[in-house]
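What the coordinates show
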Amino acid sequence: MDDSSEAYLCINDPNGNCSESHAVLEEEEEEEEEKFRRKLKYFFMNPCDKYTARRRKPWKLILQVLKIAVVTIQLVSFGLSNQMVVQFKEENLMTFRHLFLKNFSRSSANTHAVYTQHDVYTHITYTVEQFLMLPSITVGNHEYEKSGEVYTPLSICQQFYHNGSLSPANESFHIDTHVDEECSLIYPRQPFSTLTANPLNFTLHFERLLAVTVKFTLKSINLETVQYHELPDCYVFNIMITFDNKPHSGRIGIELDNDVQINECSDWTVTGASPRDMYIMVLFDVMVILILLLSLLLCTRSVKAGVLLQFVSYNQTTYHQTHQTHAFLTQGFCLVSSP
């Protein structure tokens, strides 16, 4: 029975029970309102107040603290693993500079250069010899890249202007800005030995020379991660040494850069490692997943309860506004209808 029907019966009640029925309705409304107020107050209580009110243990709070702890452990573990990757890359870059750059020192990393034609040839020859002798001189596990059964070669390329003549004494020049490139390939062969001839089968055109680049690829494996119960990754280092002569100032800067690719090793075997540690890591990952799923479920349940309370609050407000309007009209009709 809606409010309009109640108002009609109240107006046409011959026994004059309008005030009694209205009092009963108000009492029921107050009970519903008090019940809703208690629900709303409990919903916004903190875990300590909820425990004091109903002696319910704060499971959601305990779960959130546990989630923070396990996620923090995972972040620390990931940070340590990422630190090992970054450290391995940086140390290899410094190793390559010491191996393949003649007379390199850490203090001259940004100022390493040559100033004579003889020094340019000498430094290129030194790099090639170090590359060919790498298996017998490196203290790391660096090896050449293979394409099938053949090692990938080292390439030496020079970039220079297509044509030109310079005469600083006469303050004149003629230059063709098209850039040509000449390259030479050197394959490592077993047994690895030093050069027996000039590695360059072309002449450097210093007057028109822009740059000389030496490129080669090496591979390595980061074994440090085994100590932390992680499978090692395989690294591919694409190394490029640049002799920069673009300014033509009499100083040719030398710089070594490498592009690193990290791959999952295709064939591996780890012996001597305790399987219990691997199982513990897997169990920990499963526990983290379960905790996150349970936390998501509880958060969804809490959001649902909040939405339902908001809906009930809206209905309560609408009901009170409608009922107060009908009560006002009912009292008006009683006054008009009374003799």
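This structure is a prediction, so every number in the text was calculated from the model and none was measured.

Bringing unusual backbone geometry into the picture now. Even without a glycine there, the phi angle at Asn103 is positive, about 55 degrees. Mapped onto the fold, Asn103 is located in the loop between α4 (59-100) and β1 (113-114). For Asn103, a relative accessible area of 63% puts it in the exposed group.

What follows concerns the confidence of the model for the protein. On average, the protein scores 77 in pLDDT, and the residues at 70 or more come to 69%. In the model of the protein, helix α1 (residues 3-11) stands out as the element of lowest mean pLDDT, 49, in contrast to strand β8 (residues 233-244), which has the highest, 95. Within the model, pLDDT remains below 50 along residues 321-339, and this stretch shows 15 contacts once partners closer than five positions in the same chain are excluded.

Right, let's talk about the layout of surface pockets for a bit. Looking at the second largest pocket, its volume works out to about 440 Å³. Counting only elements with at least two residues in the lining of the second largest pocket, the list comes to α4 and α7 (275-337). With seven residues, the top contributor of residues to the lining of the second largest pocket is α4. For the lining of the second largest pocket, the class distribution of residues is nine nonpolar, four polar and two charged.

A few words now on α4. A turn of α-helix holds 3.6 residues, and therefore any two residues three or four places apart point the same way. Taking 1.5 Å per residue, 42 residues should reach 62 Å; α4 reaches 61 Å between its end C-alpha atoms and fits that length. Listed as buried for α4 are Leu63, Val70, Ser81, Met84, Val85, Phe88, Asn92, Met94, Phe96, Arg97, Leu99 and Phe100.

What follows deals with the nonpolar core. With 36 residues, the main nonpolar core has Phe100, Ile156, Phe216, Leu218 and Ile241 as its most contacted residues. Taken together, the elements giving at least two residues each to this core come down to α4, α5 (117-132), β5 (154-167), β7 (209-221), β8 and β9 (252-264). Among the elements that make up this core, the one with the highest residue count is α4 (six residues). If you look at the next biggest cluster of nonpolar residues, it comprises six residues, including Val70, Val288, Ile291 and Leu298.

Within the secondary structure layout, Thr152 lies in the loop between β4 (150-151) and β5. Since its relative accessible area comes to 16%, Thr152 is described here as buried. Those residues within four positions of Thr152 in sequence are excluded, and the remaining contacts are Phe131, Glu145, Lys146, Ser147, Pro188 and Thr217.

The next point concerns α5. Between its first and last C-alpha atoms α5 spans 23 Å; for 16 residues at 1.5 Å apiece the expected length is 22 Å, and the two agree. Along α5, the residues that are buried comprise Val120, His123, Ile124, Thr127, Val128, Gln130, Phe131 and Leu132.

Applying the stated criterion to the full structure yields two disulfides. Here Cys157 engages in a disulfide with Cys183; their sulfurs sit 2.0 Å apart. Disulfide Cys157-Cys183: the torsion about the S-S bond is 110 degrees, which places it as right-handed. Of the two residues, Cys157 is situated in strand β5 and Cys183 in strand β6 (residues 172-186); the sequence distance between them amounts to 26 residues. Take Cys157: its relative accessible area is 8%, and that puts it in the buried class. Between the sulfur atoms of Cys234 and its disulfide partner Cys265 the distance amounts to 1.9 Å. Around the S-S axis, the bridge from Cys234 to Cys265 shows a dihedral of about 115 degrees and counts as right-handed. Within this pair, whereas Cys234 is found in strand β8, its partner Cys265 is found in the loop between β9 and α7, the two being separated by 31 residues in sequence.

Each value, and the rule that gives it
- Residues numbered from 1 in each chain as written.
- Predicted model: local features only at pLDDT ≥ 70, side-chain atom pairs only at ≥ 80, totals over all residues.
- Heavy atoms only, no water.
- Helix = DSSP H or I, 4+ residues; strand = E, 2+ residues; numbered from the N terminus.
- Buried < 20%, exposed > 50% of the residue type's maximum accessible area, 1.4 Å probe, protein only.
- pLDDT = per-residue confidence, 0-100.
- Contact = heavy atoms within 4.5 Å.
- 1 Å grid on protein atoms, 1.4 Å probe; cavity = no way out; pocket = protein on both sides within 12 Å on 5 of 7 lines; lining within 4 Å.
- Points joined across faces, edges and corners; volume = space filled by probe spheres on them.
- Nonpolar A, V, L, I, M, F, W, Y, C, P; charged D, E, K, R; others polar.
- Expected span 1.5 Å × (residues − 1).
- Core = buried A, V, L, I, M, F, W, Y, C linked by side-chain atoms within 4.5 Å.
- Disulfide = S-S within 2.5 Å.

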